[in-house]
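Here are the chains, one letter per residue:
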Amino acid sequence: MGTLYLVATPIGNLEDMSPRAVRILREASLIAAEDTRHTGKLLKHFEIETPLTSYFEHNKLNKLDFILDKLSSGDVALVSDAGTPAINDPGYELVRAALASGFDVRPVPGPSAPISALAVSGLPTDSFLYLGYLPSKTSERHKRLQEVESQLYTLIFFESPHRIIESLEDIFSMLGDRRICVAREMTKLFEEYWRGTVSGAVEYFKSQPARGEFTLVVEGKTKEERGLWTEDELRAAIQKELTGEKSAKEISVELAQVSGWNKKEIYALINKMG
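Right, let's walk through the structure included here.

## Digging into the overall build of the protein
Scanning the protein for helices and strands turns up twelve helices and ten strands. Looking at the protein as a whole, 45% of its 274 residues qualify as buried. Relative to all contacts within the protein whose residues are 6 or more apart in sequence, the contacts with residues 24 or more apart total 69%. With the model as given, the accessible surface of the protein reaches about 14500 Å², and the carbon-plus-sulfur share is 50%. Separation between the mean location of the 33 positive side-chain charges and that of the 40 negative ones in the protein comes to 1 Å.

## Looking at the pattern of salt bridges
Where charged atoms of side chains with opposite charge meet at close range, the side chains can pair. One pass over the full model with this rule turns up 15 salt bridges. The network of salt bridges with shared partners includes Arg 141, Glu 166 and Asp 170.

## What to know about the nonpolar core
In terms of nonpolar packing, the biggest core is built from 19 residues, with Leu 168, Ile 171, Ile 180, Val 182 and Leu 216 touching the most fellow members. Looking at this core, the elements with two or more residues in it are helix H6 (138-148), strand S7 (154-159), helix H7 (164-175), strand S8 (179-184), helix H8 (198-206) and strand S10 (214-218).

## Remarks on the layout of surface pockets
Where empty space is left in the structure can be found by rolling a water-sized probe over the atoms. The volume enclosed by the largest pocket comes to roughly 720 Å³. What lines the largest pocket is a set of 32 residues, among which Ile 11, Asp 81, Ala 82, Gly 83 and Lys 188 lie closest to the centre. At five residues, helix H2 (residues 36-45) tops the list of elements feeding residues into the lining of the largest pocket. Among the residues forming the lining of the largest pocket, the class breakdown is 14 nonpolar, eleven polar and seven charged.

## What about the packing of aromatic side chains?
Applying the stated criterion across every chain, the model contains six aromatic pairs. For Arg 211, the ring lying beneath its charged end belongs to Phe 190, and the centroid distance is 4.4 Å.

## Quick word on empty space enclosed by the protein
Across all of its chains, the model carries one cavity of 30 Å³ or more by this definition. Each pocket or cavity is described by its volume, and for the largest cavity that value is around 30 Å³. Forming the walls of the largest cavity are Ala 33, Glu 34, Tyr 55, Leu 78, Val 79, Ser 80, Asp 89, Pro 90 and Gly 91. Its residues assigned to classes, the lining of the largest cavity shows five nonpolar, two polar and two charged.

## Topic: H6
For H6, the full list of buried residues reads Arg 141, Leu 145 and Val 148. Taken down its axis, H6 places every buried residue within 65° of arc, on the same side. More than 90 degrees from the buried face of H6, the exposed residues found are Ser 139, Lys 143 and Gln 146. Tucked into the core, H6 has its buried residues touching strand S6 (128-133), S7 and H7.

## Points about the packing of helix H10 (residues 231-241) against helix H11 (residues 248-259)
Between H10 and H11, whose axes approach to 11 Å, the crossing angle comes to 145°. Two packed elements cross with a definite hand, and for H10 against H11 that hand is right-handed. Of the residues in H11, those touching H10 at Leu 234, Ala 237, Ile 238 and Glu 241 are Ile 251, Leu 255 and Ser 259. Residues of the contact of H10 with H11, tallied by class, amount to five nonpolar, one polar and one charged.

## Structural notes on the packing of helix H3 (residues 60-71) against helix H4 (residues 91-100)
The relative placement of two packed helices is expressed as an angle between their axes plus a distance between the axes. It is at 10 Å that the axes of H3 and H4 come closest, and there the two elements cross at 40°. It follows from the interaxial angle that H3 and H4 lie oblique. With respect to the hand of their crossing, H3 and H4 are arranged in right-handed fashion. Here Lys 60, Leu 64, Ile 67, Leu 68 and Leu 71 of H3 come into contact with H4, specifically with Glu 93, Leu 94, Ala 97 and Ala 98. Here the residues of the contact of H3 with H4 sort into seven nonpolar, no polar and two charged.

## Details of helix H1 (residues 19-27)
Along H1, the residues that are buried comprise Ala 21, Val 22, Ile 24 and Leu 25. The buried residues of H1 occupy an angular sector of 165° when the element is viewed end-on, so they sit on one face. In H1, those exposed residues whose orientation departs by more than 90 degrees from the buried face are Pro 19 and Glu 27. In this structure, the buried side of H1 is in contact with strand S1 (3-7), strand S2 (30-33), H2, strand S4 (76-79) and strand S5 (104-108).

## Structural notes on the sheet that holds S10
Overall, mixed pairing links the five strands, which are arranged S6-S7-S10-S8-S9 in an open sheet. On the outer flanks of this sheet lie S6 and strand S9 (192-197), each paired with one strand and no other. Direction aside, neighbouring strands of the sheet carry axes that sit 15° apart on average. H8 contacts S8, S9 and S10 of the sheet and is inclined by roughly 135° relative to S9.

Rules behind the numbers
Residues numbered from 1 in each chain as written. Predicted model: local features only at pLDDT ≥ 70, side-chain atom pairs only at ≥ 80, totals over all residues. Heavy atoms only, no water. Helix = DSSP H or I, 4+ residues; strand = E, 2+ residues; numbered from the N terminus. Buried < 20%, exposed > 50% of the residue type's maximum accessible area, 1.4 Å probe, protein only. Contact = heavy atoms within 4.5 Å. Areas by Shrake-Rupley, 256 points an atom, 1.4 Å probe, with all protein chains shown as cover. Lys, Arg positive; Asp, Glu negative; His and termini not counted. Charge placed at Lys NZ, Arg CZ, Asp CG, Glu CD. Salt bridge = Lys/Arg side-chain N within 4 Å of Asp/Glu carboxyl O. Core = buried A, V, L, I, M, F, W, Y, C linked by side-chain atoms within 4.5 Å. 1 Å grid on protein atoms, 1.4 Å probe; cavity = no way out; pocket = protein on both sides within 12 Å on 5 of 7 lines; lining within 4 Å. Points joined across faces, edges and corners; volume = space filled by probe spheres on them. Nonpolar A, V, L, I, M, F, W, Y, C, P; charged D, E, K, R; others polar. Phe/Tyr/Trp six-rings, centres within 6.5 Å; stacked < 30°, edge-to-face > 60°. Lys NZ or Arg CZ within 6 Å of the ring centre and 35° of its normal. Arc of directions from axis to C-beta. Axes fitted to C-alpha atoms, helices over the stretch in contact; angles between N-to-C directions. Left-handed = near helix turned anticlockwise from the far one by under 90°. Parallel < 35°, antiparallel > 145°, perpendicular 65-115°, else oblique. Pairing = 2+ DSSP bridges.

Here's what the structure looks like:
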């Protein structure tokens, strides 16, 4: 019985490919790729001759049985176009199906655009919320931003070059003039990191050519801006969380991020309510 390996590949610079990733791709019986043409270039560069099959958004369900059958006799490596598989691509369904069928699933860690941008952003890294691409429709984008407006977490989004100005303007109108790091073309020839305020980013990128993929790292709402929850609001939130399977410690840590209360105070209140 084989193992499904989730192999991270470079987001730009081929020197970021790890020796282990190269070995796993060589030794696997099959490589499932988001775009076989794109991955084919990577395999050619590293002289990897493992058979390749496509696995992308529009064929992901049809390919599941084929890939699971291959796993029954050997290892399969899953790769995306860039970065870590199953993050913002259809790998999630394959991972679930492999686990449900009793196969081992293991990561081969490496490049990740959200984590890389967060690490160099200069914004808090202790807690963050990754939300993938913002919706393309304005109304849906506004709704998504409104949903996270009160979160204290650092926020991470992807955006395409033709919609970057529109999204930055919406972030400004919905979240306010927060600190932001805009990462463009990470690890590539025209790599750029712009740090400042959202309003400043709007003005800067209006004067720039619309090229490259963007990762936006946006400051979360500060506790001073969020305001302190009342005890009744906190009790209601605790009561809701207690219906799930989270521990008192987990609940206190999570609610401390959004309520303005100290986690020790929340933990004590949970024990009283319990």
